[in-house]
Amino acid sequence: MLTILLDGVAYGMLLFVLASGLSVTLGLMNFINLAHGAFAMVGGYVTALLMNRAGAPFLLTLPAAFLIPAILGVALERTLYRRLYGASPLDQVLFTIGLVLMAMPIAAYLIGDEPQQVHLPAWLSGRIEVHGVGIGVYRLFIILICGIIAAALQTFLVKTRFGAQLRAAVDDARVAQGLGINVDRIFAVAFAVGSGLAGLGGALAADVVGGIDPSFPVKFLVTFLIVVTVGGSNGIMGALFGSLLLGVLDVAGKYYVPSIGAFIIYAVMVVTLIVRPQGLFARGDGR
């Protein structure tokens, strides 16, 4: 049971990094970015291609897996996304779904349909035994790295001047700009952070999901939305707690009741929408 719990926590932390960028754009910026999974796919491809074709060490590929999707996110935000900040939710959904449907064939054309595998270094492979409890080394690595990311992101968005300026810009961009806040720069940085986190999550998930392929954005799209639904979209800690809950339930369900294990997180989502639509861990009424 402890092994399953730790595996579930590791999977939940991975879900958090994958979905935290969506929590930034959806929860803090009120923009429905369903193309979030495309940035995760880019990050996974960056790590896989650097390792397989350039021989780069795994750890050295992770900064690139963050930076390249972040730069791509800024470019798209400056040219496309900013035009839809005031648009209706339906327009945002259709636009970002269109980006996903464009990104998949582009990836298939440039890289191919075959999954790109990430081969972990020897020191991250295997399992260790602690008082009879088997723990995967890479799972422990994911828990450590994602825990650091969660703490840094919470501090960055809640405890810094930038976070206060971002919330002010979202609440009333005109007043914020009148007070001297560079709203365009704030939104660009927020999109860069969200896109970069998605890319880093894709890189870390590549080994767990069995490789990165062009269908990756669609495979995890619903999972991202479930995390935001259960955790609540108005805070990073809600997304973290929601991810941990879903990760443990998903791993435990697939182990104990494999016939319906994959159904459990969908049931949790439905119950959450009925009982507490703003999210189980949201503060106040949510947005």
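Computed from a predicted model, the values in this text were never measured in an experiment.

What to know about the overall build of the chain
Scanning the chain from N- to C-terminus turns up 12 helices and two strands. If you list the helices and strands of the chain from N to C, you get α-α-α-α-β-β-α-α-α-α-α-α-α-α. Since a compact globule built from 287 residues should have a radius of gyration of about 19 Å, the 19 Å found for the chain is in line with a globular shape. Oriented by its inertia axes, the alpha-carbon framework of the chain measures out at about 60 × 45 × 35 Å. Residue burial in the chain is summarised as follows: out of 287 residues, 49% are buried. Relative to all contacts within the chain whose residues are 6 or more apart in sequence, the contacts with residues 24 or more apart total 74%. When the accessible surface of the chain is split by element, carbon and sulfur atoms take 68% of a total near 13300 Å². For the chain, the centre of its 16 positive side-chain charges and the centre of its 13 negative side-chain charges are spaced 9 Å apart.

Remarks on the packing of helix H5 (residues 137-158) against helix H11 (residues 236-256)
Packed helices, taken two at a time, are described by their axes: the angle between them and the distance between them. The contact between H5 and H11 brings their axes to 9 Å, and the two run at 155°. By the criterion of interaxial angle, the relationship of H5 to H11 is roughly antiparallel. Residues Ala150, Leu153, Gln154 and Leu157 of H5 touch H11, and the partners they reach there are Ile236, Met237 and Leu240. The residue makeup of the contact of H5 with H11, split by class, is six nonpolar, one polar and no charged.

Quick look at the packing of aromatic side chains
Overall, the coordinates contain 14 aromatic pairs when judged by the stated rule. Put simply, the rings of Phe31, Tyr81, Tyr85, Phe95, Phe187 and Phe191 pair up and form one aromatic cluster.

Focus on the confidence of the model for the chain
Close inspection of predicted coordinates is inappropriate in any region flagged by low pLDDT. In the predicted model, the chain carries a mean pLDDT of 85, and 95% of its residues have values of at least 70. Of all the helices and strands in the chain, strand S2 (residues 133-136) carries the lowest mean pLDDT, 75, while helix H3 (residues 58-79) carries the highest, 93.

What about H3?
Here H3 spans 32 Å end to end across 22 residues, near enough to the 32 Å set by a 1.5 Å rise per residue. Within the sequence span of H3, burial applies to Phe58, Thr61, Leu62, Ala64, Ala65, Pro69, Ala70, Gly73 and Glu77. Summarising the contacts, the buried residues of H3 are in contact with helix H2 (36-54), H5 and helix H8 (183-205).

Regarding helix H12 (residues 264-275)
Between its first and last C-alpha, H12 extends 16 Å over 12 residues, near the 16 Å set by a 1.5 Å rise per residue. By the burial criterion, the buried members of H12 are Ile265, Val268, Met269 and Thr272. Buried residues along H12 cover an arc of 100° about the axis, so they all sit on one side. Seen from the open side of H12, the exposed residues pointing more than 90 degrees away from its buried face are Ile274 and Val275. Next to the buried residues of H12 lie helix H10 (221-231) and H11.

Considerations on the packing of H11 against H12
Interaxial distance between H11 and H12 falls to 9 Å at its minimum, and their mutual angle equals 140°. Accordingly, the angle class assigned to the pair H11 and H12 is oblique. Contacts from Leu246, Leu249, Asp250 and Gly253 of H11 reach H12 at Ile264, Ile265 and Val268. Taken together, the residues that form the contact of H11 with H12 break down as five nonpolar, one polar and one charged.

Description of the pattern of salt bridges
Per the counting criterion, the structure on display carries four salt bridges. For Asp184, the salt bridge is made with Arg82, and the minimal N-O distance between the two is 3.3 Å. Highlighted residues: Asp184 in helix H8 and Arg82 in the loop between H3 and helix H4 (89-110), separated in sequence by 102 residues. A salt bridge links Asp250 to Lys254, with the nearest nitrogen and oxygen atoms 3.2 Å apart. One end of the pair, Asp250, and the other, Lys254, are both in helix H11, four residues apart, so they sit about a helical turn from each other.

Calculation notes
- Residues numbered from 1 in each chain as written.
- Predicted model: local features only at pLDDT ≥ 70, side-chain atom pairs only at ≥ 80, totals over all residues.
- Heavy atoms only, no water.
- Helix = DSSP H or I, 4+ residues; strand = E, 2+ residues; numbered from the N terminus.
- Rg over C-alpha atoms; globule rule 2.2 N^0.38 Å.
- Buried < 20%, exposed > 50% of the residue type's maximum accessible area, 1.4 Å probe, protein only.
- Contact = heavy atoms within 4.5 Å.
- Areas by Shrake-Rupley, 256 points an atom, 1.4 Å probe, with all protein chains shown as cover.
- Lys, Arg positive; Asp, Glu negative; His and termini not counted.
- Charge placed at Lys NZ, Arg CZ, Asp CG, Glu CD.
- Axes fitted to C-alpha atoms, helices over the stretch in contact; angles between N-to-C directions.
- Parallel < 35°, antiparallel > 145°, perpendicular 65-115°, else oblique.
- Nonpolar A, V, L, I, M, F, W, Y, C, P; charged D, E, K, R; others polar.
- Phe/Tyr/Trp six-rings, centres within 6.5 Å; stacked < 30°, edge-to-face > 60°.
- pLDDT = per-residue confidence, 0-100.
- Expected span 1.5 Å × (residues − 1).
- Arc of directions from axis to C-beta.
- Salt bridge = Lys/Arg side-chain N within 4 Å of Asp/Glu carboxyl O.

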